[in-house]
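# Tertiary structure, described
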Amino acid sequence: MGGEDALRTLARSRIAIEGVSIEIDGGRFSAKVVAGQVTTVEADIFSDGHDSIDAALLFRRVGSDSFSEAPMRFLENDRWKGDLVLDEPGQYEVTILAWRDLFLTWRKEVAKKHAAGQSIALELQEGRNLMSAALEPDSRADEAGRGAISALLAEDDGADGGEGHEGLRFGRLGAPEAVDLMRQVGPRTDATLYKLLPVFADRRAAAFSAWYELMPRSQSGDEHRHGTFDDVIGKLPYVRDLGFDVLYFPPIHPIGRTNRKGRNNTLTPGPDDPGSPYAIGSDEGGHDAIHPELGSFDDFRRLVEAARDHGLEIALDFAIQCSPDHPWIREHPEWFDWRPDGTIKFAENPPKKYEDIVNVHFYRKALPDLWYALRDVVLFWVEHGVKIFRVDNPHTKPFPFWEWMIAEVRAKHPDTIFLAEAFTRPKVMKRLAKVGFSQSYSYFTWRNTKDELTDYLVELTQTDSREVMRPNFFVNTPDINPRFLQTSGRPGFRTRLVLAATLGGNYGVYNGFEICDAAPVPGKEEYLDSEKYQIRVWDMDQPGNIQDDIRLMNRLRHEHPALQHFTNLKFYYAGNDQVLAYGKRAGDDFVLIHVNLDPHNVQSFQFEVPLWEFGLPDDASIEVRDLVHGNSFTWHGKYQWLELDPQTRPYVVWQLLAPGVAR
């Protein structure tokens, strides 16, 4: 760096700002926050010498000319934090401004001299000079600030010179009120501005939601009659009664007939087999069409409106693959891969073949028209009232496409939510979160032991993943019948429900979970008689269902602010490897949970009551509410004992009430 101008520019950046918590890959990607919700931003901020410094968060919506400001405060070891609140969904720019606070430095130094009995006459004049600088024409002070500063100086001018007058003057000029006033309006010496960092504010449903998945075609109650949107409307009271707020459908588009799959994924379907909804496209249309047997667009509109009346939001599957009958193959053959013999290349995952599906490719002659077409598909369904999309296998499509497409949609509809269904390598999953996906599938489905759950949740909540990746803990899916559930019986279903609903901010259930449906294809994590390939009839009220557990979890999630967050999770001691103990806190709301991870055996254990979280000693007492049964009692001391029988109830949920908090 050479030249006087460059030297002066470098010299002005006297404050070091490092380790900014919301900086993702050097500012390449946006951190995620929730609109209207406090997000803590931390950074290392320090300077040379011993002068006092100060800092503030600056933020603005992209396109705005002016910044809003929020103060930062010192934590420890040169770490600072500030509370960021972005009011509306959308793309923002956030940075940090730090400066030397010469008035606060003056106040500290003069206080030491005065306490030592030294004369501070010259120092008082220095203080007046610092205040006077706040009255300069180019200062930050507004009319009210100038008036307050002028009044202080005028009061000091009128001070008498009697005994102790220096102390009295210092008491006025260095009062806490004067320090606060100068922080607001005084000069910011050596002000150093960090680079602009992108931050995206989602609406609340991106971070806190409970999903219920069903296939509309299986809602008729008759395996010989294809379900309709009207049948789904009839199911809305049931879904809402369980406490869910998102109702998610696999693809609802026309299903191709070429190489259609039969029951249990057979290659020899019967004439009445409905095929896989993921084989999208037929003569009736493609991704912007509705399977005729489900109903019309008017029917779909009525469904969206009825769901909204029930407090539910419809989510659709955005699956890019096509049936060999999809209109795009005729209209845009350049979007697909063709074999040397002129036949189209089917989807494959050797040794598996998916000959009812073909994939598009995203480059060569497909770019940019395919990209525009897929973006317009999403915008088409947004115009039909859908603002939440579960995206099928996004890890098999280019990252640049998702980054561009999601940004294009959000530019018009910033409240749109995208869930990445990507059970793949960790770095790929994280990259998808970085490029814009609001939520992410996760490894929760396969994390069953105490160590597995603890290690994975610490990774998600305490590393930089917390700034970009919001997991959605689905307990099961049409594609995944977890082995744990295949062997655990009803207790295992209750355990996995509680873990998903209370560990995560977002979680999901695929219908059949509430009746503990787990019959597998032998040796596989797949459902026998999967409704991916046939119409099913469901009796959700059959004996042994866990509807009451689902209702309880969803009610507690809405009643307790602590359960509405994800990164506030902490694990606590329980002296048994089969018991997971954890808690969450939001303000005065503290929820403590114990879960028996063993679905077959009673587990007894000693556990710690986290009295230290309330500033209480180990021998203190604390009031407790049992949120499952509704009774209250008192725990005396740090250590308690408990027994959990998986056959009666494999979990407990407590609310700890801090002393002095209104009941």
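Data block above holds the structure.
Residues numbered from 1 in each chain as written. Predicted model: local features only at pLDDT ≥ 70, side-chain atom pairs only at ≥ 80, totals over all residues. Heavy atoms only, no water.

### Comments concerning the sheet that holds strand β16 (residues 417–421)
Definition in use: Paired strands are those between which DSSP finds at least two bridges. Put simply, DSSP H or I for four residues or longer makes a helix, DSSP E for two residues or longer makes a strand, and each gets a number counted from the N terminus. We call two residues in contact whenever any of their non-hydrogen atoms come within 4.5 Å of each other. Orientation is described by axes fitted as lines to C-alpha atoms, over the contacting stretch for helices, and by angles from 0 to 180 degrees between their N-to-C directions.
The eight strands are arranged β17-β16-β15-β12-β11-β10-β19-β18 in an open sheet whose pairing can be described as parallel. Bordering the open sheet on either side are β17 (439–440) and β18 (472–474), each of which pairs with just one other strand. Docked against the sheet, helix α7 (residues 229–242) engages β10 (209–213) and β11 (246–249), running at close to 135° with respect to β11. Across the sheet, helix α10 (residues 369–383) touches β12 (313–318), β15 (388–392) and β16, and the angle it forms with β12 is around 160°.

### Focus: the nonpolar core
Cut-off, in case you're wondering: By convention a nonpolar core is built from buried Ala, Val, Leu, Ile, Met, Phe, Trp, Tyr and Cys residues, the set being connected through side-chain atoms within 4.5 Å. Think of it in three bands: residues with accessible area under 20% of the maximum for their type are buried, residues over 50% are exposed, and the middle band is partly exposed, with areas taken using a 1.4 Å probe on protein chains only.
If you look at the biggest cluster of nonpolar residues, it comprises 137 residues, and the most contacted ones within it are Ile45, Phe300, Phe318, Trp402 and Tyr507. Residue contacts for Tyr507: discarding those within four places in its chain leaves Ser209, Ala210, Trp211, Phe244, Asn472, Phe473, Leu497, Ala500, Ala501, Ile550, Asn554 and Arg557. Counting residues in hydrophobic clusters, the runner-up holds 22 residues, among them Tyr572, Val579, Val624 and Leu644.

### A closer look at helix α15 (residues 547–559)
In plain terms, the rule: Multiply 1.5 Å by the residue count of a helix minus one, and that product is the helix's expected span.
With 13 residues, α15 extends 18 Å from end C-alpha to end C-alpha; this agrees with the ideal 18 Å at 1.5 Å per step. Residues Gln547, Asp549, Ile550, Leu552, Met553, Asn554, Leu556 and Arg557 constitute the buried set of α15.

### Regarding the side chain of His226
In this fold, His226 is placed in the loop between β10 and α7. With a relative accessible area of 11%, His226 lands in the buried category. Every residue in contact with His226, bar those within four places of it in the chain, is listed here: Arg217, Ser220, Asp231, His291, Glu293, Leu294 and Ile535.

### Some thoughts on the environment of Ser440
Mapped onto the elements, Ser440 comes out in strand β17. Ser440 sits in the buried class, given a relative accessible area of 2%. The contact partners of Ser440, leaving out residues within four places of it in the chain, are Leu419, Ala420, Ala433, Met469, Arg470, Pro471 and Asn472.

### Remarks on the sheet that holds strand β27 (residues 651–657)
The strands that make up a sheet pair up through hydrogen bonds in the backbone, lying either parallel or antiparallel. Within the open sheet, the six strands sit side by side as β20-β21-β22-β27-β24-β25. Their pairing is antiparallel. Two strands in the sheet have a free side with no partner beyond their single neighbour: β20 (570–571) and β25 (632–636). Both strand β21 (residues 579–586) and strand β22 (residues 589–596) contribute to a ladder of eight bridges, which runs antiparallel. Looking across to β22, one finds that Ala581 is bridged to His594. Contacting β20, β21, β22 and β27, helix α14 (residues 483–503) crosses the sheet at an angle of about 30° to β21.

### Overview of the pairing of β11
For clarity, the threshold we go by: Seen with its strands pointing away from the viewer, a crossover is right-handed if its path from the first strand over the helix to the second goes clockwise.
Burial of the side chains of β11 extends over both faces: Val246 and Tyr248 are buried on one face and Leu247 and Phe249 on the other. Strand direction decides the pairing type here: β10 and β11, joined by three bridges, are parallel. Residue pairing in the sheet places Trp211 in a bridge with Val246 of β11. Chirality of the crossover, the property in question, places the unit of β10, α7 and β11 among those that are right-handed.

### Notes on unusual backbone geometry
Cis geometry marks the peptide bond from Leu367 to Pro368; its omega dihedral reads 10°. Of note in the backbone geometry, Arg364 takes a positive phi value of approximately 50° without being a glycine. Assignment of secondary structure puts Arg364 in the loop between β14 (352–358) and α10.

### Digging into the pattern of salt bridges
Quick reminder of the rule: Take a side-chain nitrogen of Lys or Arg and a carboxyl oxygen of Asp or Glu: if they are within 4 Å of each other, that pair is a salt bridge.
Tallied over the full model, the rule gives 44 salt bridges. With a shortest N-O distance of 2.8 Å, Arg60 and Glu93 are connected by a salt bridge. Taken together, the positions of Arg60 in strand β4 (residues 53–61) and Glu93 in strand β7 (residues 90–100) put the pair 33 residues apart, joining distant regions of the chain. The salt bridge involving Asp156 is made with Arg128; its shortest N-O contact spans 2.7 Å. One end of the pair, Asp156, is in helix α4 (residues 143–157); the other, Arg128, is in helix α3 (residues 121–133), with 28 residues separating them in the sequence. Among the residues examined, Arg128 registers a relative accessible area of 13% and is labelled buried. Connected through shared salt-bridge partners, Arg14, Asp48, Asp51, Arg100 and Asp190 make up one network.

### A few points about the packing of α4 against helix α6 (residues 176–185)
Here is the rule: For classification purposes, an angle smaller than 35 degrees is called roughly parallel, one larger than 145 roughly antiparallel, one from 65 to 115 roughly perpendicular, and anything else oblique. With the far helix as reference, a near helix turned anticlockwise by less than a right angle produces a left-handed crossing, and one turned clockwise produces a right-handed crossing. Any residue that is not Ala, Val, Leu, Ile, Met, Phe, Trp, Tyr, Cys, Pro, Asp, Glu, Lys or Arg is counted as polar, Gly included; the first ten are nonpolar and the last four charged.
At a minimum axis distance of 11 Å, the contact between α4 and α6 shows a crossing angle of 140°. By the criterion of interaxial angle, the relationship of α4 to α6 is oblique. Considering only the axes of α4 and α6, their crossing is left-handed. Residues Gly145, Ala148, Ile149 and Leu152 of α4 form the contact with α6, whose participating residues are Ala178, Leu181, Met182 and Val185. Among the residues forming the contact of α4 with α6, the class breakdown is seven nonpolar, one polar and no charged.

### Notes on the packing of aromatic side chains
Between two aromatic rings, the relevant description is the distance of the centres plus the angle of the planes. For clarity, the threshold we go by: When two rings of Phe, Tyr or Trp (its six-membered ring) have centres within 6.5 Å they constitute a pair, described as stacked for plane angles under 30 degrees, edge-to-face for angles over 60, and tilted for the intermediate range. Placement of a positive charge over a ring is assigned whenever Lys NZ or Arg CZ falls within 6 Å of the ring centre and within 35 degrees of the normal to the ring plane.
Per the stated rule, a full pass over the model turns up 42 aromatic pairs. Relative to Tyr238, the ring of Tyr212 has its centre 6.3 Å away and its plane inclined at 80°; by these criteria the two rings are edge-to-face. Placement of the pair is Tyr212 in strand β10 and Tyr238 in helix α7, with a sequence separation of 26 residues. When the ring of Trp371 is compared with that of Trp404, the centres are 5.9 Å apart and the planes differ by 55°; the resulting orientation is tilted. With Trp371 in helix α10 and Trp404 in helix α11 (residues 399–412), this pair connects stretches of sequence that are 33 residues apart. One aromatic cluster in this structure is built from Phe318, Phe362, Tyr363, Trp371, Tyr372, Phe389, Phe401, Trp402, Trp404, Phe418 and Phe437. Against the face of Trp538 rests Arg536, its NZ or CZ located 4.3 Å from the ring centre.

The values are spatial; any link to function lies outside them.
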